[in-house]
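# Secondary and tertiary structure notes
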Amino acid sequence: MEQYIQTSFWHALAVVFIVGAVMKFIFRGIPATFKPNFDIVGVGILAFLFLYIWHIRHGVGWLVLGIIDAILFIYSIFRRFYKKPVTDSTLPNEIAEFAKSLNLPKLISADLQMESIEALPGKKILYTYTMINVPIGQTLAQNDLSSIRNELIKGVKTDDVSLARYRENDVTFIYKYMDKEKQGQVGIFEITPSDYKESKLKPEVVRYDY
């Protein structure tokens, strides 16, 4: 590799393109939740590569590219681990961008479809679902409602990727379920910080109008 890079500028440039193409191919198969970490790895590899080529060829341009990528590498780490606070002013745009990336409405299962996600005042996130197999006017038994609520609390507690930051900022999660025609409200569950920061699951169902 070192002798190949020494041969000519174009050989050095070819090495950069080959490494970049390989990283792009590998990163394309990485799940979206892990991509931020792999983006950091990619920038770090490029920084090392540019500095390595500069060490061999001693061109100022390679040194500049290496320093720029090193700075980007440090900045990427900072962005990855900096915990930006969640506020009523920042939450709407953040949730709108996230909802846009999901291409809603989206089928979650054979029985459930996610319709929308939106931010509400008071650091609240509202998830609206359609229960595909529930006809207009039908309600669920109290035991079923309690079971759904407990599962939702469990999900909020154990989601370490998308909800962790919101838990740390005491966001309230609201889950609204509609019948298959989206005409009636089957159930609404509000999961507050006191719910997901406690060890015990609460059986009661709390209803609100949103």
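Heads up: these notes are all about the structure in this document. It should be emphasised that the depicted structure is a prediction, and the values quoted were computed from it without experimental measurement.

### Quick look at the sheet that holds strand β5 (residues 185-191)
Taking strand neighbours across the sheet as the criterion, the five strands line up as β1-β2-β3-β4-β5 in an open arrangement whose pairing is mixed. Looking at the sheet topology across the chains shown, the edges are occupied by β1 (106-107) and β5. Along the sheet, helix α5 (residues 91-102) makes contact with β1, β2 (112-120) and β3 (124-131), crossing β2 at roughly 160 degrees. The sheet contacts of helix α6 (residues 142-158) involve β4 (172-178) and β5, and relative to β5 the element is tilted by about 40 degrees.

### As for α5
Over its twelve residues, α5 extends 17 Å from the first C-alpha to the last, a length consistent with the 16 Å expected when each residue adds 1.5 Å. The complete set of buried residues in α5 reads Leu91, Ile95 and Ala99. Summarising the axial view, the buried residues of α5 lie within an arc of 60 degrees, below the 170-degree limit, and thus occupy one face. Facing away from the buried side of α5 by over 90 degrees, the exposed positions are Asn93, Glu97, Lys100 and Ser101. Where α5 is buried, its residues contact β2, β3 and α7 (164-168). Just past α5, the residue Asn103 takes up positive phi, approximately 55 degrees.

Criteria and thresholds
Residues numbered from 1 in each chain as written. Predicted model: local features only at pLDDT ≥ 70, side-chain atom pairs only at ≥ 80, totals over all residues. Heavy atoms only, no water. Pairing = 2+ DSSP bridges. Helix = DSSP H or I, 4+ residues; strand = E, 2+ residues; numbered from the N terminus. Contact = heavy atoms within 4.5 Å. Axes fitted to C-alpha atoms, helices over the stretch in contact; angles between N-to-C directions. Expected span 1.5 Å × (residues − 1). Buried < 20%, exposed > 50% of the residue type's maximum accessible area, 1.4 Å probe, protein only. Arc of directions from axis to C-beta.

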